[in-house]
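Spelled out, the chains give:
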Amino acid sequence: MTQAPTPTPDTVRRLVRALLEGGGASGSGPEVRPVAEDGSPFTWWVGARHVLRLAPDAEATLRRRRELRLRDLVRPHVPVAVPTSVAHGEWSPGLAYTLDAKLPGDTAEEHDVSAVGEADLAGLLRGLREVPPRQAEALGVPRAAPRSLEALRRMAVAAAERLARADEFDPARLHQLTPLGAAQLAAQPATAVLVHHALYGEHLLVSADGRVRGVLDWTATVLGDPAEDIAGLALAVGSGAAVRAATLAGYGARPCLRGLWLARCDTVVRLADHLKGTAPGRQDPEALSLPRTRLRRAWEAILLERVTELREDGGSGAAGADEEG
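Residues numbered from 1 in each chain as written. Predicted model: local features only at pLDDT ≥ 70, side-chain atom pairs only at ≥ 80, totals over all residues. Heavy atoms only, no water.

1. Details of the overall build of the protein
Piece 1. When its secondary structure is counted, the protein shows ten helices and ten strands.
Piece 2. Here the protein holds 325 residues, and 49% of them are scored as buried.
Piece 3. Intrachain contacts of the protein at a sequence separation of at least 6 include 73% that bridge at least 24 residues.
Piece 4. Carbon together with sulfur atoms contributes 52% to the accessible area of the protein, which is approximately 15300 Å² in total. (Helix = DSSP H or I, 4+ residues; strand = E, 2+ residues; numbered from the N terminus. Buried < 20%, exposed > 50% of the residue type's maximum accessible area, 1.4 Å probe, protein only. Contact = heavy atoms within 4.5 Å. Areas by Shrake-Rupley, 256 points an atom, 1.4 Å probe, with all protein chains shown as cover.)

Structure representation (structure tokens):
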């Protein structure tokens, strides 16, 4: 695997000067600064109008190159903006870069999504379902098998016990996730669609009025279980908004409830992983803020959980899910 050298501000400036008009070989060019607060050197703001993404290895290079073609395939189907590359190539031998135009809006971690924004999310889910799978496969988009809810449930039960000892979560809340429910909410055959697979708050651009304006980072996209994107939205905007958006998009109770299971189990497991090996009272509150927030959003009680029977056609109803107290 080709391993990248560590890019520096000078590396980025030289590349940007060569790409943008008016930069000139000897000009100072626009300001560059890392996007990530931790200073990760592979994604950079370039002035106020562009973002530069550098692939750190050969695998990421393949995903970046596939993403360029995939964004063009997705764009006509979805009602929100998808990033456009203004330049792409190699920043180091065998390692790709893409210079994208910056999209307007802040992340969903900074602005709440409004009712109209939920309709935007519904249009996104509907559009992803309309993308022809064969065309996506022709671009190299991989297929991903649905996850086992029972295996995930067992992981969450063990993780919940660890969280209980840290006074972070009541494991009794997992009693509503039963083995019978896991079997009833198994993914149905022939339901694979294009799945963004990372619809988290940092990848959703939301304007101050709550509209969803764009979706970032299509490198993890697969053909697979649509419940994964419903789960991602539950972490980003809360279970209620995620289910309302999925319902508007035409999804029935089965994928909606399956998405909630995925989100709820994932957040329990991930918070436990963040706490693993950390003594009580020594946790970093800032590092735990996002996992705690995602857990709270995923475990919002919703009206759909009051229904206790699931129709075989995937319509209204739930599978062994009681209303959360």
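Once you've had a look at it, read on.
2. A closer look at the packing of aromatic side chains
Piece 1. Counted by the stated rule, this structure contains two aromatic pairs.
Piece 2. The residue whose ring lies beneath Arg129 is Tyr251, and the NZ or CZ to ring-centre distance is 4.5 Å.
Piece 3. In this structure, Arg294 packs its charged tip against the face of Tyr200, placed 4.9 Å from the ring centre. (Phe/Tyr/Trp six-rings, centres within 6.5 Å; stacked < 30°, edge-to-face > 60°. Lys NZ or Arg CZ within 6 Å of the ring centre and 35° of its normal.)

3. Quick notes on unusual backbone geometry
Glycine aside, negative phi is the norm for most residues, and most peptide bonds take the trans geometry.
Piece 1. A positive phi angle, near 60°, is found at Asp167, a position not held by glycine.
Piece 2. Residue placement: Asp167 occurs in the loop between helix H5 (149–165) and helix H6 (179–184).
Piece 3. For His197, which is not glycine, the phi torsion reads 75° and is therefore positive.
Piece 4. Mapped onto the secondary structure, His197 falls in the loop between strand E7 (193–195) and strand E8 (204–206).
Piece 5. Residue His197 is classed as partly exposed on the basis of its relative accessible area, which comes to 33%.

4. Brief notes about helix H1 (residues 9–19)
Piece 1. Here H1 has its buried residues at Val12, Leu15, Val16 and Arg17.
Piece 2. Buried-residue contacts for H1 involve strand E1 (32–34), strand E2 (43–46), strand E3 (50–54), strand E4 (85–92) and strand E5 (95–101).

5. A few points about the packing of helix H8 (residues 239–248) against helix H9 (residues 253–275)
Piece 1. Across the interface, H8 lies against H9 with an axial gap of 10 Å and an inter-helix angle of 150°. In terms of orientation, H8 and H9 fall into the roughly antiparallel class. Crossing of H8 over H9 shows right-handed handedness. Across the interface between the two elements, Ser239, Val243, Ala246 and Thr247 from H8 touch Cys256, Leu260 and Arg264 from H9.
Piece 2. Looking at the contact of H8 with H9, its residues break down into four nonpolar, two polar and one charged. (Axes fitted to C-alpha atoms, helices over the stretch in contact; angles between N-to-C directions. Parallel < 35°, antiparallel > 145°, perpendicular 65-115°, else oblique. Left-handed = near helix turned anticlockwise from the far one by under 90°. Nonpolar A, V, L, I, M, F, W, Y, C, P; charged D, E, K, R; others polar.)

6. As for the sheet that holds E2
Piece 1. Reading across from one edge, E1-E2-E3-E5-E4 is the order of the five strands in this open sheet, with antiparallel pairing throughout. Looking along the sheet, the strands with just one partner apiece sit at the ends: E1 and E4. Averaged over all pairs of adjacent strands, the angle between strand axes in this sheet comes to 25°, irrespective of strand direction.
Piece 2. As defined by bridge partners, E2 adjoins E3 across four bridges and the pair is classed as antiparallel. Each residue of the ladder has a partner; that of Trp44, found in E3, is Leu52.
Piece 3. Lying over the sheet, helix H2 (residues 58–74) contacts E3, E4 and E5, oriented at roughly 40° with respect to E5. (Pairing = 2+ DSSP bridges.)

7. Topic: the sheet that holds strand E9 (residues 212–215)
Piece 1. With antiparallel pairing, the three strands of this open sheet are ordered in space as E6-E8-E9. At either margin of the open sheet sits one strand with a lone partner, and together these are strand E6 (106–107) and E9.
Piece 2. By the bridge criterion, two bridges tie E6 to E8 in an arrangement that is antiparallel. Counted as the bridge partner of Thr107 is Leu205 from E8.

8. Thoughts on H9
Piece 1. If you check H9, its first and last C-alpha atoms are 33 Å apart, about what 23 residues at 1.5 Å a residue would give, namely 33 Å.
Piece 2. For H9, a buried count of 20 out of 23 residues is recorded, marking the element as mostly surrounded by other parts of the structure. (Expected span 1.5 Å × (residues − 1).)

9. Regarding the nonpolar core
Piece 1. Val74, Leu121, Leu124, Leu194, Leu204 and Val268 are the most contacted members of the largest nonpolar core, which has 74 residues in total.
Piece 2. Among the elements that line this core, the one with the most residues is H9, at 13 residues. (Core = buried A, V, L, I, M, F, W, Y, C linked by side-chain atoms within 4.5 Å.)

10. Focus: the environment of Ala145
Piece 1. The residue Ala145 is located in the loop between helix H4 (133–138) and H5 in this model.
Piece 2. Through-space distance from the C-alpha of Ala145 to that of Ala192 is 8.8 Å; in sequence the pair is 47 residues apart.

11. Considering the confidence of the model for the protein
In low-pLDDT regions, the fine details of the predicted coordinates are not to be read closely.
Piece 1. Per-residue pLDDT for the protein has a mean of 89; in total, 87% of the residues score no lower than 70.
Piece 2. Note that pLDDT drops below 50 for residues 308–325; the model gives that stretch 53 contacts with residues more than four away or on any other chain. (pLDDT = per-residue confidence, 0-100.)

12. Focus: the pairing of E5
Piece 1. Counting buried positions along E5 gives six out of seven residues, so the element sits mostly inside the fold.
Piece 2. Relative to E5, E3 runs antiparallel, the two being bridged by five bridges. The residue bridging Val51 from the neighbouring strand is Asp100, located in E5.
Piece 3. As judged from the six bridges shared by E4 and E5, these two strands associate in the antiparallel manner. Among the inter-strand pairings, His88 is bridged to a residue of E5, identified as Thr98.
Piece 4. In this antiparallel pair of consecutive strands, E4 and E5, the connection spans two residues, and Gly94 shows a positive phi of 80°.

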